[in-house]
Each structure stands twice: as structure tokens, then as C-alpha cells.
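# Report on the structure
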Amino acid sequence: MPFPRPLLPVLTFLWLSTGLLADGMLSHIRGNEDDTHLLNMVIIAEGYTQSEEQLFADNVTHIVSAVFDSVPYKHYSAFFNVWKIFVPSNESGATHVLPDGTTEARDTYFGATYYSSSRVINIDKATVYDILAEHIPDYDLICVLVNDKDYGGAAHGDIAVLSMNISNDPSMVYLHETGHAFAGLADEYESAYSMSPREMYNVTAKTARNEISWRVWILDETPVPTPEATDYISVVGLFEGAMYQETGWYRPMLYCQMRSNYRRFCPVCIEAHIKQIYRHVSPVKRIQPDITTLENPPDTTTLSVVTRAPEPNTLTITWYCDGREAGSGSKLQLSGLSPATEEYVVKAVVRDTTAMVRNPAAREVLADSVSWRVKITTGTGAPVRRRIAEQELSATLHNGALLIRGLQRDADAVRIAVYNARGTCVFRGTAVERLRQSALTTIPGMNMSGGLYFVTVYGAAPPVRSVVKMVVAE
Ligand SMILES: [Zn+2]
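Predicted, not measured: the structure shown is a model, and the values here were computed from it.

### A closer look at the overall build of the chain
The helix and strand inventory of the chain stands at five helices and 28 strands. Expressed as a percentage of its 474 residues, the buried residues of the chain come to 39%. In the chain, 63% of the contacts between residues at least 6 apart in sequence involve partners at least 24 apart.

Okay, structure coming up:
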């Protein structure tokens with residue numbers, strides 16, 4: 001809701017939309033049109049006549065550039081496609097129902113109406129959804145921009161409505177109303193409204209520190225509830241007065257965009273936005289190979305992940321082989337792995353580690369993963385004579401030297417890695433001596449205790465890998 005509060009309940013009215021479905025024109029204005037998995041931000045014209053199409057375009061440009069200059073949008077610009085839909089109205093402006101009951105009617109496409117002294121703008125939601133279904137059914141963030149000079153706005157479910165008013169910067173009203181409609185945030189101001197307060201991401205009635213949902217943001221030295229004093233002007237705490245209540249309900253910060261125009265979002269509201277962005281868009285843009293079951297892949301096969309990244313880039317990529325951490329970065333070569341079996345799963349987890357999200361449950365949303373199943377089959381497919389004869393392969397440890405038996409002569413360079421039962425690499429090296437059917441290498445600084453080990457043997461030409469168990473005596 002805009003501030004200060006409206007007095008009338010939100011009304012809806014019927015609007016016959018039959019026959020209007022093909023109206024309007026969709027244009028892409030920001031992002032990457034070819035990437036169909038981005039978050040679709042849509043701004044729809046209301047109360048603009050056919051001759052005001054350029055005015056609508058200018059108004060949208062102003063709002064969009066201001067929004068992507070604000071936090072957190074400016075950091076997550078790469079996650080958005082922005083669109084506008086121009087739907088001409090027969091008349092300019094919006095309908096006003098005056099306090100004395102008279103109506104200044106305007107014939108507009110979505111029937112935007114201000115009631116009396118209320119600053120809530122009502123629209124016909126069904127017609128908005130019809131237009132969206134026609135032009136961009138996978139919309140995510142919707143705003144109806146009303147060409148009226150009077151201040152007003154609303155969040156009707158997931159539809160934000162605001163006017164090109166002359167008393168407040170419309171981009172500020174956009175951020176506030178989409179804070180409701182997109183990020184699911186509550187109003188943080190206290191002036192009365194007919195809506196009852198309830199626990200939400202950025203408001204609470206709880207005052208015990210360990211029960212406050214944003215407690216991870218509150219420093220130990222900050223008292224809760226937090227006094228409205230200059231000492232606490234820039235910290236997150238528990239400030240009384242929120243969601244239309246002067247007492248008994250609390251907000252995270254003294255000032256926030258959800259409390260008043262021309263203030264930035266507080267850290268808790270920024271966090272809610274980022275979480276919501278990741279609910280709509282994966283940070284994984286593309287994978288290579290793009291088939292996720294690999295049979296007998298060459299050891300030189302490299303798996304890679306291309307991401308959509310925030311700016312600055314706070315993404316990390318961690319690789320796992322059968323649940324064991326196996327590397328980091330955007331690429332992983334299969335030859336670097338040491339699977340214990342011939343069928344294994346390689347998984348890349350992409351995670352945004354931004355400091356703007358601290359809530360543990362929210363951090364879980366800031367990640368996505370992709371997995372490849374790798375199958376090595378012996379005997380069929382790959383030419384047997386060029387493979388390490390793994391059926392006969394054995395590894396033994398004797399006087400500090402590792403003896404690998406069963407190697408084929410044409411396995412050129414022989415690299416060896418030894419892992420303990422917990423998956424930790426305890427030795428990595430190249431065979432120093434290669435016999436006709438075996439390879440011998442020494443293990444410097446050997447500190448292997450008794451127990452089970454997995455020895456991975458890599459032959460480079462052709463690239464093959466075998467794993468063999470080795471039991472070291474106590
Ligand atoms: Zn806030």
C-alpha cells in the first residue's frame with residue numbers, strides 16, 4: 001500500500017474483457033531476450049491513449065533505470081528480462097470517485113479507479129491477467145503503470161499498481177509496491193489501516209531475541225526492542241511501530257523503503273528480494289556436456305558450468321564426486337577424480353555467498369546444482385586391449401614403495417593417487433619405474449596407517465583410469 005494509509009477497503013469490480021485478448025504490444029527493453037529463463041519484469045500501460053505511447057515509453061525508461069540503480073536490483077541485473085506492454089486506452093488518466101460520491105470517469109483499459117481520499121488505485125485484475133496470458137504467460141514481476149498525476153498505488157496480490165504522480169518519484173513507489181507484490185514484504189509504517197497485522201518477513205510481534213526471524217542481523221550489543229536513538233540509526237534491531245500499529249509490532253530498521261518513500265530498503269527487505277530472485281531464476285545458465293549421463297567418457301572430458309552472476313560476482317562453484325568434494329571453479333576434468341566405483345555421480349553446486357543474505361533458510365534458496373552420471377563399462381564399447389587390465393590390477397605397499405601390478409605395456413605415463421577410506425588423498429605421484437606388467441613408485445613421507453585405501457591409476461594414452469582397493473596391514 002502507498003503511504004500514508006488509505007481508509008477504504010480494496011474494492012474490485014467486474015470488467016468484461018471478452019474480445020480484448022489480442023490488444024496491446026509487447027516490447028523487450030532490457031536484458032537478454034534469447035535467455036528465456038530470466039526473471040520477467042513486465043510494466044503495463046494504463047490510462048495512456050494511442051497518442052501517448054511515447055510518453056509511456058519515457059515513463060518506463062525512467063522507472064526501470066532508477067530501479068536498476070537501486071539495491072538489490074543493480075547487483076542482480078543479469079537475472080532480469082524487462083518488458084513493456086503498451087495497451088492504449090480511449091481516454092487519458094484514471095477514474096476518480098470523489099468524497100461527495102460524484103465520479104470523474106475516464107474510459108481506460110483496466111478501469112483504474114481512485115476512491116475518495118484513498119490513495120489505493122484499483123484495477124480490473126482479470127483483464128491484466130488476460131493481457132499477460134496473451135503476451136507473456138511466464139511473467140514474474142508485474143506492474144501496471146497508471147497515467148495519472150495523483151499519488152497512489154497498491155499491491156493487488158502479485159500485481160503492483162502505481163501512478164505517474166507528480167508528488168513522489170514513481171520509481172520509489174515502484175520499489176515499495178513491488179516490495180509487496182514481488183518480495184512479499186509488509187508495510188513498515190504505523191498509520192492505521194483496515195488490514196490486521198500478522199507475522200511477515202519484515203514485521204513481527206515477537207520481542208524475545210531468539211524468536212525474531214531476522215535475529216541473525218542483530219548485533220549482540222544492540223538492545224531489543226531497540227530505542228529510536230541516533231546510536232541505532234544504521235543498525236538492524238527491533239523497532240516498535242510497523243504494519244499499521246504504533247505499538248506491539250516491530251520492524252527491522254529505523255528507516256526503510258517499506259516505511260517511507262526516498263529511503264533505501266533495510267537489509268532484511270533486501271534479503272527478501274534476493275531470495276525471491278533466486279526462487280525465479282537459477283544461477284546455472286548452461287552446462288557442458290549438456291547430456292547428463294556419460295558412458296565411457298574420455299578421461300580428458302571436462303565438465304563445465306556457465307553461470308548467471310550477480311555484480312560483483314559472489315558465486316562459488318563446488319564439485320562433488322559421489323558426495324565427496326572434488327574441486328572448485330567453473331570446470332572439472334574427469335581425470336582429476338578418484339571414484340571408488342565404475343558408476344559415479346559428479347555434481348556441481350553453484351551458490352551465491354553474498355553478504356546481503358544472512359538468514360540460513362534464505363541462503364539455502366541461493367543455490368542450485370547440476371549432476372552428471374558417469375558410467376564406465378569394461379569389455380564392451382571401449383577397446384579392451386588399450387585399457388588398463390583392471391581385473392588383474394593390484395596394489396601393494398612394501399617398504400615405502402607402491403607396487404601396481406596388471407598394467408599394460410602401452411599405458412604410457414602412469415599417474416597414481418591414493419585415497420584413504422574417508423576419501424582424503426594421501427598420495428599423488430607418477431610411477432618412477434615401469435616394468436612390463438607393473439609400475440613401481442615410492443611414497444615420500446609416507447604416513448599411512450593400517451586400513452583400507454583406494455588406489456587410482458591413470459594411464460595417459462589412451463586416457464583411462466582404474467580404481468583398486470588396497471589393504472595396508474596394521
Ligand atoms: Zn525493511
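### Some words on the sheet that holds strand β9 (residues 153-156)
With mixed pairing, six strands are arranged side by side in an open sheet as β1-β3-β2-β8-β10-β9. Each end of this open sheet is capped by a strand with a single partner; those strands are β1 (25-30) and β9. Put simply, the sheet's adjacent strands are angled 20 degrees from each other on average, direction ignored. Strand direction decides the pairing type here: strand β8 (residues 141-146) and strand β10 (residues 159-163), joined by five bridges, are parallel. Bridge pairing in β10 places Leu-145 opposite Leu-162. The sheet contacts of helix α2 (residues 125-135) involve β1, β2 (39-46), β3 (80-86), β8, β9 and β10, and relative to β2 the element is tilted by about 125 degrees. On the sheet, helix α3 (residues 170-181) packs against β8, β9 and β10 and is oriented at approximately 160 degrees with respect to β10.

### Comments concerning α2
Turning to α2, its buried residues are Thr-127, Val-128, Ile-131, Leu-132 and His-135. Along the axis of α2, the buried residues cluster in a sector spanning 140 degrees; they form a single face. Against the buried residues of α2 lie β1, β2, β3, β8 and β10.

### Focus on α3
Taking 1.5 Å as the rise per residue, α3 with twelve residues should run 16 Å; its terminal C-alpha atoms sit 16 Å apart, in good agreement. Within α3, ten of the twelve residues are buried, which leaves it mostly tucked inside the rest of the structure. Where α3 is buried, its residues contact α1 (53-67), β8, β9, β10 and α4 (267-280).

### Notes on the sheet that holds strand β15 (residues 302-307)
Read from one edge to the other, the open sheet built from three strands follows the order β13-β15-β18, with strand pairing classed as antiparallel. Each of the sheet's edge strands pairs with one partner strand only, and the pair in question is β13 (284-288) and β18 (331-333). Adjacent strand axes in the sheet meet at a mean angle of 10 degrees when their direction is disregarded. Pairing between β15 and β18: three bridges, direction antiparallel. Following the sheet pairing, Thr-302 is matched in β18 by Gln-333.

### Considerations on the pairing of strand β16 (residues 315-321)
Only one face of β16 is buried, namely the one carrying Leu-315, Ile-317, Trp-319 and Cys-321, since none of Thr-316, Thr-318 and Tyr-320 on the opposite face is buried. Inspection of the sheet shows β16 paired to strand β19 (residues 343-352) by seven bridges, in the antiparallel sense. In the sheet register, Cys-321 faces β19, and the bridge partner there is Val-346. For β16 and strand β17 (residues 324-328), the ladder comprises four bridges, and the chain directions are antiparallel. Bridge pairing links Tyr-320 to Glu-325 in β17. Once β16 ends, the chain turns through two residues before running back antiparallel as β17, passing Asp-322 with a positive phi of about 50 degrees.

### Here's the deal with the environment of Asp-158
Here Asp-158 shows up in the loop between β9 and β10. Here the alpha-carbon distance between Asp-158 and Lys-125, two residues 33 residues apart in the chain, equals 9.9 Å. With near-sequence residues (within four places) excluded, Asp-158 lies in contact with Ile-142 and Ala-181.

### With respect to the nonpolar core
Proteins that are soluble and globular tend to have nonpolar side chains buried together. Val-42, Ile-44, Ile-121, Val-144, Leu-145, Val-161 and Cys-269 are the most contacted members of the largest nonpolar core, which totals 85 residues. Looking at this core element by element, the count peaks at seven residues for α4. Taken domain by domain, this core gets at least three of its residues from each of domain 1 (25-181) and domain 2 (209-277). In this structure Val-42 touches Trp-83, Ile-85, Leu-132, Ile-136, Tyr-139, Leu-141 and Ile-142, once residues within four positions along its chain are discounted. Judged by nonpolar contacts, the second largest core, of 17 residues, contains Val-305, Ile-317, Leu-337 and Ile-376.

### Considerations on unusual backbone geometry
Residue Pro-225 is reached from Val-224 by a cis peptide bond, and omega for that bond is -10 degrees. Note on placement: Pro-225 falls in the loop between α3 and β11 (239-242). Cis geometry is adopted by the peptide bond preceding Pro-289, which originates at Gln-288 and carries an omega value of -5 degrees. Among the structural elements, Pro-289 can be located in the loop between β13 and β14 (293-295).

### A few points about the packing of α1 against α3
Contact pair α1 / α3: the axes reach a minimum separation of 9 Å and the direction vectors enclose 60 degrees. It follows from the interaxial angle that α1 and α3 lie oblique. Here α1 runs over α3; the crossing is right-handed. Residue-level inspection shows His-62, Ile-63, Ala-66 and Val-67 of α1 in contact with α3, the latter providing Pro-170, Ser-171, Tyr-174 and Leu-175.

### Regarding the confidence of the model for the chain
Averaged over all residues, the pLDDT of the chain equals 86, while 85% of them reach at least 70. Between residues 379-391, whose pLDDT stays under 50, and residues either more than four places distant or in other chains, the model counts 19 contacts.

### Concerning the environment of Ser-304
Structurally, Ser-304 is set in strand β15. Residue Ser-304 is classed as partly exposed on the basis of its 15 C-beta neighbours within 10 Å. Note: C-alpha distance between Ser-304 and Pro-289 (15 residues apart in sequence) is 7.3 Å. In this structure Ser-304 touches Ile-287, Gln-288, Ser-330 and Lys-331, once residues within four positions along its chain are discounted.

### Let's talk about the environment of Gly-31
With respect to the secondary-structure elements, Gly-31 resides in the loop between β1 and β2. Classification of Gly-31 as partly exposed rests on a count of 18 C-beta atoms within 10 Å. Separated by 50 residues in sequence, Gly-31 and Asn-81 have C-alpha atoms that sit 4.4 Å apart. Setting aside anything within four residues of it in sequence, one finds Gly-31 in contact with Leu-38, Phe-80, Asn-81 and Val-82.

Rules of the game
- Residues numbered from 1 in each chain as written.
- Predicted model: local features only at pLDDT ≥ 70, side-chain atom pairs only at ≥ 80, totals over all residues.
- Helix = DSSP H or I, 4+ residues; strand = E, 2+ residues; numbered from the N terminus.
- Buried ≥ 20, exposed ≤ 12 C-beta atoms within 10 Å, placed from the backbone.
- Contact = placed C-beta atoms within 7 Å.
- Pairing = 2+ DSSP bridges.
- Axes fitted to C-alpha atoms, helices over the stretch in contact; angles between N-to-C directions.
- Arc of directions from axis to C-beta.
- Expected span 1.5 Å × (residues − 1).
- Core = buried A, V, L, I, M, F, W, Y, C linked by C-beta atoms within 7 Å.
- Domains from an automatic or database assignment.
- Parallel < 35°, antiparallel > 145°, perpendicular 65-115°, else oblique.
- Left-handed = near helix turned anticlockwise from the far one by under 90°.
- pLDDT = per-residue confidence, 0-100.

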